[in-house]
Amino acid sequence: MVGLRTISQSASRVRKSVTNVRYASMRSQNWGPHTGPKKAKIVEVGPRDGLQNEKKFIPTDIKINFINKLSKTGLKVIETTSIVNTKLVPQMADGIEVITKINREPGVEYPVLVPNLKNLERAIKADVKDIAIFASASEEFSKKNINCSIPESLHRFQDVADIANSHGIAVRGYISCVVGCPYEGTISSAKVATIAEKLYKMGCYEISLADTIGVGTPGSISKMIEDVKEVVPVERIALHCHDTYGQALANIYCSLEYGVRVFDGSIAGLGGCPFAKGATGNVATEDIVYMLHGMGYETGIQLPELIKIGNYISQQLNRSNGSKAALAISLKDST
Ligand SMILES: [Zn+2]
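My aim in this report is to walk through the structure given alongside it, one point at a time. (Residues numbered from 1 in each chain as written. Predicted model: local features only at pLDDT ≥ 70, side-chain atom pairs only at ≥ 80, totals over all residues. Heavy atoms only, no water.)

**Some words on the pattern of salt bridges**
Enumeration according to the criterion identifies 13 salt bridges in this entry. A salt bridge links Glu79 to Arg48; its shortest N-O distance comes to 2.8 Å. Here the residue Glu79 occupies a position in the loop between strand E2 (77-78) and strand E3 (81-82), and Arg48 occupies one in helix H3 (residues 46-50), the gap between them amounting to 31 residues. With a closest N to O distance of 3.2 Å, Glu197 and Lys201 form a salt bridge. Here Lys201 and Glu197 lie together in helix H9 (residues 189-201), a separation of four residues that amounts to about one turn. In this structure Lys201 comes out as exposed when scored by relative accessible area, which is 53%. Put simply, Lys41, Arg172, Glu206 and Asp264 are held in one network by salt bridges that share partners. (Salt bridge = Lys/Arg side-chain N within 4 Å of Asp/Glu carboxyl O. Helix = DSSP H or I, 4+ residues; strand = E, 2+ residues; numbered from the N terminus. Buried < 20%, exposed > 50% of the residue type's maximum accessible area, 1.4 Å probe, protein only.)

**Here we look at the sheet that holds strand E6 (residues 170-176)**
Ordered by their spatial adjacency, nine strands build an open sheet running E2-E1-E11-E10-E9-E6-E5-E4-E3, and the pairing between neighbours is parallel. Sheet topology places E2 and E3 at the edges, where each strand pairs with a single neighbour. Helix-sheet contacts for helix H10 (residues 218-229) involve strand E9 (204-211) and strand E10 (237-241), and the interaxial angle to E10 is about 155°. (Pairing = 2+ DSSP bridges. Contact = heavy atoms within 4.5 Å. Axes fitted to C-alpha atoms, helices over the stretch in contact; angles between N-to-C directions.)

**Overview of the environment of Val160**
Secondary-structure assignment places Val160 in helix H8 (residues 150-166). Remark: the alpha-carbon pair of Val160 and Val171, spanning eleven residues in sequence, is separated by 9.0 Å. If we skip the residues at most four places from it in the chain, Val160 touches Pro115, Asn116, Leu117, Leu120, Ile131 and Ile133.

**With respect to empty space enclosed by the protein**
Counted under the stated rule, the structure contains one cavity of 30 Å³ or more. Approximately 30 Å³ is the volume attributed to the largest cavity. In terms of lining residues, the largest cavity is bounded by Ser82, Ile83, Val84, Thr86, Met92, Ala93, Gly95, Ile96 and Arg122. (1 Å grid on protein atoms, 1.4 Å probe; cavity = no way out; pocket = protein on both sides within 12 Å on 5 of 7 lines; lining within 4 Å. Points joined across faces, edges and corners; volume = space filled by probe spheres on them.)

**Observations regarding the coordination of the zinc ion**
Looking at the zinc ion, the protein donor atoms are Asp49 (OD), His240 (NE2), His242 (NE2) and Asn282 (OD1), and they sit 2.0 to 2.1 Å from it. On the primary sequence, the residues serving as donors to the zinc ion are separated as D-x190-H-x1-H-x39-N. Linking Asp49 in helix H3 with His240 in strand E10, this pair joins segments that are 191 residues apart in sequence. Note on accessibility: Asp49 and His240 belong to one class, buried. (Donors = N, O, S within 2.8 Å, 3.2 Å for Na, K, Ca; no water.)

**Quick word on the nonpolar core**
Counting residues in each nonpolar core, the largest one holds 101 residues, and the members touching the most others are Ile131, Ile175, Leu199, Leu209, Met224 and Phe263. For this core, the element with the highest residue contribution is H8, accounting for seven residues. (Core = buried A, V, L, I, M, F, W, Y, C linked by side-chain atoms within 4.5 Å.)

**Describing the side chain of Arg172**
Within the secondary structure, Arg172 is located in strand E6. Classification of Arg172 as buried rests on a relative accessible area of 1%. Not counting the four nearest positions on each side in its chain, Arg172 is found in contact with Val43, Ile131, Ala132, Ile133, Cys204, Tyr205, Glu206, Ser208, Ala238, Val262 and Asp264.

Next up, the structure:
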């Protein structure tokens, strides 16, 4: 397989030979607002973003079972695990085992988080087809979360994106703290737009704008999306909401008005962020799907199946299901 040195040496060579058009064509579905029937895409982040925050190690076979179940619900994208330094994120220490042992359903993408070339090499060996890289709009958060400044992280990600793309691996880019940061407070939307443009230009087919601590409101989220739309096509923008202040669905609704059609959700509302105190959790996928279906959007997802799996993983983790829709529908079905 590909050696690390070879990978590093070929990074700059590859960089010059690829174009944005090619990157975008790696994921051909256009998620823009004017493409026929009303459609929206959900990126399920529960197995990674959700489980990562659990303190007690979750057995690998439960993770695999969980992902295999999710693969049969109609979800098109399931963020599966992280391939990272296992000392920093012990919950994801089995990342390679998980990605190699799950049943990869045709038509479903299984992105994994990859922070650097070393771990990209491990991902390539594990036949990963989709990765995600994660930048931050907050300098302090970047230093605490990935241990380097924003410019340093972008420099590193450029190499990762180049090599990944040259291996036919699609790259998704995250930006955390897009409206607020636990250390810096309010984040300027112009700064978010600058980073989003850089990630797009370096070859990310989609930019997920993450309100990591859930402080956004339709006011701040709409301003931020307006600015990012100036530099990244709206069909390449995704929104990743946390529900700390109960604003997530309002923010998603508001971004629909701006043409955003891709939303990250975590089944049963699993997760939070170990580096962002007070982040109480991702918006539950079931709640997004319930709202989108109610508005006439097709997602391809069977909500009752999703609810069963949300209940399954909540049971495994010995916690209550954080989805209001799942709770309401389960109660209705049991009466
Ligand atoms: Zn999240």
